[in-house]
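# Architecture and fold: a report
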Amino acid sequence: MARIQLLGTGGTIASRGHGPGGAVATDTSSSLTQTQYGDVTVSARDVLTTGSYLLGLADLRRIAEEVGQSIAEPGTDGVVVTHGTDTLEETAFLLDLVHASPKPVVLTGAQRTADSPDADGPRNVAEAVRAAANKHLRESGALISFNGTVRSARGARKVHTTAGSAFGGGTEVAHMAGGRLVVTAAPRRYPSLPMPTAAFDGIRAEIITAYPGATPELMDYAVQLGSRVVVLAGTGVGNAGPGFADAVKRATENGCIVVLSTRAPWGPIVPTYGNGGGIDLVASGAIPAGDLNPFQARILAAVLLSCGTGPEEFPAAFKTYC
């Protein structure tokens, strides 16, 4: 009989309406799950009980540490984390970066509150438990199970604010069909990183988005505020408007790491254009983020910095995980 540890962190799946004050995460993890799903036994405990839009890097590190402890327990075959959907993609990617065990870690949540007449949380939890207990999903790292689909943490994004199928992207590794979980692929695994140190909690890492008429001086301001890394969410294959190449150069000369990602939902950074485009941004010191979106690129940068990766080592280290 497989044994799964469920860790609750809050989110919509643990929320109930509180009149005009809106929904608030109040339910404990034990209320989200049954103790047994067929031949799978589940034990539950709470790490946090909060909406994921309120989380900071310290909270993400705490979740990662709790997952690591649960995974290390000899009697545990896998871990399920219930989480708010707003920032689930960031936590999932952090867990994937530091996950060295073959045991699956599966994140899930809900789009509708626990007191909704059509609450989707119980079904999502049941499917996540199946995924975490499935021997064919060992060595898959951290996964996201939602509305009948299991996908890799890397590359996943929340793609709809209210629809039941909240997530897209990543690699689809399994799906529910005829009441059973069908495994279809194995995600590529990268070398695991060390668990972030306490330095991770206070790392200032900002995201600046390019758009017509965007202000490059925002990057200067981020550096003045003490940002150690700025992720530039460029347009297209990694471009930005007038003044950004100079702003990147100023930032890097002041010791701030600049990572170039894209505001486009899918696709890699491919520096192609001059005249202030991606070619010039990279020449000014920006580090291409490969196929990582701005939010996951920010998490990777913060983990590397917390582990003591210096500016000279950063481009090579970052490229290893892109």
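Fair warning: this is a prediction, and the values are worked out from it, not measured in the lab.

### Quick word on the side chain of N134
Following the sequence through the fold, N134 ends up in the loop between α3 (121-133) and β8 (142-146). If sequence neighbours within four positions are ignored, N134 has contacts with P104, L181 and V183.

### Details of the side chain of Q5
Mapped onto the fold, Q5 is located in strand β1 (residues 2-10). A relative accessible area of 8% means that Q5 is categorised as buried. Here Q5 is in contact with S43, A44, R45, S70, E73, T76, G78, V79 and V80, once residues within four sequence places are set aside.

### Let's talk about the layout of surface pockets
Empty space within the largest pocket amounts to approximately 270 Å³. Along the wall of the largest pocket there are 17 residues; nearest its centre are R154, G155, G170, D291 and L292. Partitioned by chemical class, the residues of the lining of the largest pocket number six nonpolar, seven polar and four charged. As a volume, the second largest pocket reaches approximately 230 Å³. Lining the second largest pocket are 20 residues, with G11, T12, S15, G51 and Y53 sitting closest to its centre. Listed by contribution, the elements that provide at least two residues to the lining of the second largest pocket are β3 (23-25) and β5 (40-50). Counting residues per element, the lining of the second largest pocket draws most heavily on β3, which supplies three residues. Across the lining of the second largest pocket, the residue classes break down as six nonpolar, 12 polar and two charged.

### Overview of empty space enclosed by the protein
A complete count under the given rule lists two cavities of 30 Å³ or more for this structure. Volume-wise, the largest cavity comes out at about 50 Å³. What lines the largest cavity is simply D96, S140, A142, L143, S152, A153, R154, P187, R188 and R189. Counted by class, the lining of the largest cavity contains four nonpolar, two polar and four charged residues. Of the voids in this model, the second largest cavity is the one considered here, and its volume is about 40 Å³. Looking at the second largest cavity, the residues that line it are D96, L97, R154, R189, Y190 and P191. Partitioning the lining of the second largest cavity into residue classes produces three nonpolar, no polar and three charged.

### Some thoughts on the nonpolar core
Within the largest apolar cluster, 52 residues are counted, with the highest numbers of intra-cluster contacts made by V67, L97, L300 and F318. Of the residues forming this core, the biggest block, eight residues, is contributed by helix α7 (residues 294-306). Leaving out residues up to four positions away in the same chain, L97 has contacts with P191, S192, L193, I299, L300, V303 and Y321. Counting residues in hydrophobic clusters, the runner-up holds 23 residues, among them L6, L32, A128 and V150.

### Details of the pattern of salt bridges
Oppositely charged side chains may form a pair once their charged atoms are brought near each other. With the rule as written, the count across this model stands at 10 salt bridges. A salt bridge links E65 to R61; its shortest N-O distance comes to 2.8 Å. Taken together, the residues span about one helical turn, with E65 and R61 both in helix α1 (residues 57-72) at a distance of four residues. On the basis of relative accessibility, which here comes to 29%, the residue E65 falls in the partly exposed class. Across the salt bridge formed by K249 and E253, the nearest N and O atoms sit 2.5 Å from each other. Of the two residues, K249 and E253 both sit in helix α5 (residues 244-253), four residues apart, roughly one turn of that helix. Given the relative accessible area of 56%, E253 is considered exposed. Each member of the salt-bridge network shares a partner with another, and the members are R61, E65 and D201.

What counts and how
Residues numbered from 1 in each chain as written. Predicted model: local features only at pLDDT ≥ 70, side-chain atom pairs only at ≥ 80, totals over all residues. Heavy atoms only, no water. Helix = DSSP H or I, 4+ residues; strand = E, 2+ residues; numbered from the N terminus. Contact = heavy atoms within 4.5 Å. Buried < 20%, exposed > 50% of the residue type's maximum accessible area, 1.4 Å probe, protein only. 1 Å grid on protein atoms, 1.4 Å probe; cavity = no way out; pocket = protein on both sides within 12 Å on 5 of 7 lines; lining within 4 Å. Points joined across faces, edges and corners; volume = space filled by probe spheres on them. Nonpolar A, V, L, I, M, F, W, Y, C, P; charged D, E, K, R; others polar. Core = buried A, V, L, I, M, F, W, Y, C linked by side-chain atoms within 4.5 Å. Salt bridge = Lys/Arg side-chain N within 4 Å of Asp/Glu carboxyl O.

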